[in-house]
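Observations on the model geometry
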Amino acid sequence: MEKMVSSWCNTVKFVPQDYVFPEDTRTEDQTVPILKNCPMIDLEKAVSGDRNDVIQQVLQASQDCGLFQVINHGVCDDLIKDTMEMSKEFFNMSNEEKASLYSLDPHKSCRLYTSSFDYARESIHLWRDVLKHPCHPLEEWVDLWPQKPSKYRDVVGKYSIEVRNLSLRILELIREGLELKPEYFGDEMKDVQMLVLSHYPPCPDPSLTLGILKHYDPYVITILYQGNMSGLQVMKDGQWVRVEPVANAFVVNIGQLLKVISNGKLESVEHRVVTNSKEPRYTIASFIGTRRDTIIEPAKALLEKDDCRPLYQAFSYKDFLQAHKEHRGEGEATLKVFKIEG
Ligand SMILES: O=C(O)CCC(=O)C(=O)O
Ligand SMILES: [Fe+2]
């Protein structure tokens, strides 16, 4: 517990040496430019307006940026606010109250930890505390979730369901856009959902530290709520740029599995999180993924339609995760393992 950044960060004036990243991996400049033309997609229009136009916006943004933001997404503002409140309350509880969830074991399904999933093996730590738990199907997991704050399970349970529904609606737009058959994203492609609540406390020298190292999301799709504090940066045209938070909008990230399924038509964007010295930052990421035995491959219908060869061989998600672990921080290298050269 004493390793959690929030346990000791108020007592230090300088960044401890084991939190200082090598110069080429950390952020030297806090004032990187804003991601321009980050598409803001109005999802309501998919129902009441020109659905095809929304589909094209989603596809275009996924191709150009690997990321977009959504408004009028159907998750109600109060629920987002209450969930953020639950997260803040949780992280601000005393260490005694959180102790039962804290674990250094990367295999524990619901856990509170600090830095990355494997603190014990990393040489430099991230400026970040994390609560991570599966949430689908809710009744299977909810009993493992925090018991305090007392409304946590109720509020976060509702949030996880609504955000899951949002992910499925976006996946459906993508499926239609790629002209895949209706059952393409069947149950197995989306039957895992993880919720990751992050707390990035203020840092005395943000130029030395990172909240999360550069990475690609090793899932199908991510829905991120980043509150009102910036910190998320994406690699665009060889440059790190900021994704500014927009009140009640979600950031949608195309995961690496979707890049493979779309045979590289959709991009997955490299991103990282920087720290700041002023305010704590709280974010909630919902990842839709799959089980370890699911086979991932470029959609055959897409290859036939476009008359093109597959860029990736078929692989099990288990093998992908293994490669992901081996190439930590080098997300491009993970997919290269499965790339068909030619
Ligand atoms: O907290 C954030 O802003 C981003 C989190 C993220 O990229 C992740 O958890 O994969
Ligand atoms: Fe991420």
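Note: the structure precedes this text.
Residues numbered from 1 in each chain as written. Chains lettered and ligands numbered in written order. Predicted model: local features only at pLDDT ≥ 70, side-chain atom pairs only at ≥ 80, totals over all residues. Heavy atoms only, no water.

1. Things to note about the pairing of strand β3 (residues 111–114)
Remember that side chains alternate between the two faces of the sheet whenever the strand is regular. For clarity, the threshold we go by: Classification of residues uses two cut-offs on accessible area relative to the type maximum, computed with a 1.4 Å probe and protein chains only: under 20% is buried, over 50% is exposed, and between them is partly exposed. Only DSSP runs of H or I covering at least 4 residues are called helices, and only runs of E covering at least 2 are called strands; the numbering of each starts at the N terminus. DSSP-based pairing: two strands are paired if at least 2 bridges between them are found.
Of the two faces of β3, both are covered, the one formed by Arg111 and Tyr113 as well as the one formed by Leu112 and Thr114. Here β3 pairs with strand β4 (residues 129–134) via four bridges, running antiparallel. Paired with Leu112 across the strands is Leu131, a residue of β4.

2. So, the site of ligand 1
This is how it is decided: To be near a molecule or strand, a residue needs just one of its heavy atoms within 4 Å of it. Between N or O atoms, a polar contact is any pair within 3.5 Å; within protein, one atom must be a potential hydrogen donor and the other a potential acceptor, and residues adjacent in sequence are included only when both atoms are from side chains.
Looking at ligand 1, the residues that line it are Arg128, Tyr200, Ile212, His215, Asp217, Leu224, His271, Val273, Arg281, Thr283 and Phe287. Here an oxygen atom of ligand 1 sits 3.1 Å away from a polar atom, N or O, in the side chain of His271. Within the side chain of Arg281, one N or O atom sits 2.9 Å away from an oxygen atom of ligand 1. If one sorts the elements of the shell around ligand 1 by residue count, strand β12 (residues 281–289) sits on top with three residues.

3. Side note on the coordination of the iron ion (ligand 2)
How we decide: Coordination shells were defined by N, O and S atoms within 2.8 Å of each metal, extended to 3.2 Å for Na, K and Ca; water is absent from the atom set, which can make sites look incomplete.
Surrounding the iron ion (ligand 2) are the protein donor atoms His215 (NE2), Asp217 (OD) and His271 (NE2), at 2.1 Å. Linear spacing of the donor residues for the iron ion (ligand 2) on their chain is H-x1-D-x53-H. Residue His215 is located in strand β6 (residues 212–215), and its partner His271 is located in strand β11 (residues 271–273); the two are separated by 56 residues in the primary sequence. According to the relative accessible area criterion, His215 is buried, its value standing at 19%. Given the relative accessible area of 5%, His271 is considered buried.

4. Side note on helix α4 (residues 77–91)
Heads up, the rule is: Residue count minus one, scaled by 1.5 Å, sets the expected span of a helix. The directions from the helix axis to the C-beta atoms are what the arc is built from.
With 15 residues, α4 extends 21 Å from end C-alpha to end C-alpha; this agrees with the ideal 21 Å at 1.5 Å per step. Among all positions of α4, only Leu79, Ile80, Thr83, Met84, Met86, Ser87, Phe90 and Phe91 are buried. The buried side chains of α4 occupy one side of the element, clustering within an arc of 155° when seen end-on.

5. Quick notes on the packing of helix α3 (residues 51–64) against helix α7 (residues 152–178)
Convention followed: Lines fitted to the C-alpha atoms define the axes, with helices restricted to the stretch that makes contact. Angles between their N-to-C directions range from 0 to 180 degrees. Convention used here: angles under 35 degrees read as roughly parallel, angles over 145 as roughly antiparallel, angles from 65 to 115 as roughly perpendicular, and any remaining angle as oblique. By the convention used here, residues are in contact when the closest approach between their heavy atoms is within 4.5 Å. Residues are grouped as follows: nonpolar covers Ala, Val, Leu, Ile, Met, Phe, Trp, Tyr, Cys and Pro; charged covers Asp, Glu, Lys and Arg; every other residue, Gly included, is treated as polar.
The contact between α3 and α7 brings their axes to 9 Å, and the two run at 95°. Judged by the angle between their axes, α3 and α7 are roughly perpendicular. Mapping the contact onto sequence places Arg51, Val54, Ile55, Val58 and Leu59 in α3 and Glu172, Leu173, Ile174, Glu176, Gly177 and Leu178 in α7. Its residues assigned to classes, the contact of α3 with α7 shows seven nonpolar, one polar and three charged.

6. Digging into the nonpolar core
This is how the line gets drawn: Buried Ala, Val, Leu, Ile, Met, Phe, Trp, Tyr and Cys residues that are joined via side-chain atoms within 4.5 Å together make up what is termed a nonpolar core.
Residues Phe68, Leu112, Tyr159, Ile170, Ile174 and Phe250 are the most contacted members of the largest nonpolar core, which totals 87 residues. When sequence neighbours within four positions are dropped, the list of residues in contact with Tyr159 reads Leu79, Ile80, Thr83, Leu195, Tyr225, Phe250 and Ile284. With 10 residues, the next largest nonpolar core counts Val5, Val20, Trp127 and Leu208 among its residues.

7. Regarding the sheet that holds strand β8 (residues 232–236)
Pairing in this open sheet of four strands is antiparallel, and the strands run β6-β11-β8-β9 from one edge to the other. Of all strands in the sheet, those with a lone pairing partner are β6 and β9 (239–242), marking the two edges. Pairs of neighbouring strands in the sheet enclose a mean axial angle of 25°, with direction left out of account. As paired strands, β6 and β11 are joined by two bridges and run antiparallel to one another. Looking at β11, one finds that His215 is bridged to His271.

8. Points about the pattern of salt bridges
In plain terms, the rule: Whenever Lys or Arg places a side-chain nitrogen within 4 Å of a carboxyl oxygen from Asp or Glu, that contact is recorded as a salt bridge.
Taken as a whole and judged by the stated rule, the model has 13 salt bridges. Among the ionic pairs, Glu267 bridges to Lys259, the shortest N-O distance being 3.1 Å. Residue Lys259 is classed as buried on the basis of its relative accessible area of 9%. For Asp293, the salt bridge identified is with Arg291, shortest N-O distance 3.9 Å. When salt bridges with common partners are traced through the structure, they connect Asp191, Arg291 and Asp293 into a single cluster.

9. Thoughts on the packing of aromatic side chains
We apply this condition: Any Phe, Tyr or Trp ring, taking Trp's six-membered ring, that has another such ring centre within 6.5 Å forms a pair; planes under 30 degrees apart are called stacked, those over 60 apart edge-to-face, and the others tilted. Placement of a positive charge over a ring is assigned whenever Lys NZ or Arg CZ falls within 6 Å of the ring centre and within 35 degrees of the normal to the ring plane.
Following the criterion strictly, the structure yields 15 aromatic pairs and no others. Between Phe91 and Tyr282, the aromatic rings sit 6.3 Å apart at their centres with planes inclined by 40°, giving tilted as the arrangement. Residue Phe91 is found in helix α4, and its partner Tyr282 is found in strand β12; the two are separated by 191 residues along the sequence. An aromatic cluster is defined as three or more aromatic residues linked by ring pairs; in this entry it consists of Phe90, Phe91, Trp145, Tyr152 and Tyr282. Sitting over the ring of Tyr113, Arg111 keeps its end group 3.9 Å from the ring centre.

10. With respect to unusual backbone geometry
Pro137 follows His136 through a cis peptide bond whose omega is -10°. Mapping Pro137 onto the fold places it in the loop between β4 and α6 (138–141). A cis amide bond, omega -5°, links Lys148 with the succeeding residue Pro149. One can find Pro149 in the loop between α6 and α7.

11. Some remarks on α3
Taking 1.5 Å per residue, 14 residues should reach 20 Å; α3 reaches 20 Å between its end C-alpha atoms and fits that length. All buried positions along α3 are accounted for by Val54, Ile55, Val58, Leu59, Ala61 and Ser62. Buried residues of α3 fall within an arc of 165° about the axis and therefore sit on the same side. Against β1 (40–42), α2 (45–48), β2 (67–71), α7 and β10 (250–254) lie the buried residues of α3. Looking at where α3 begins, the residue whose side-chain oxygen comes 3.2 Å from the main-chain nitrogen of Asn52 is Asp50.

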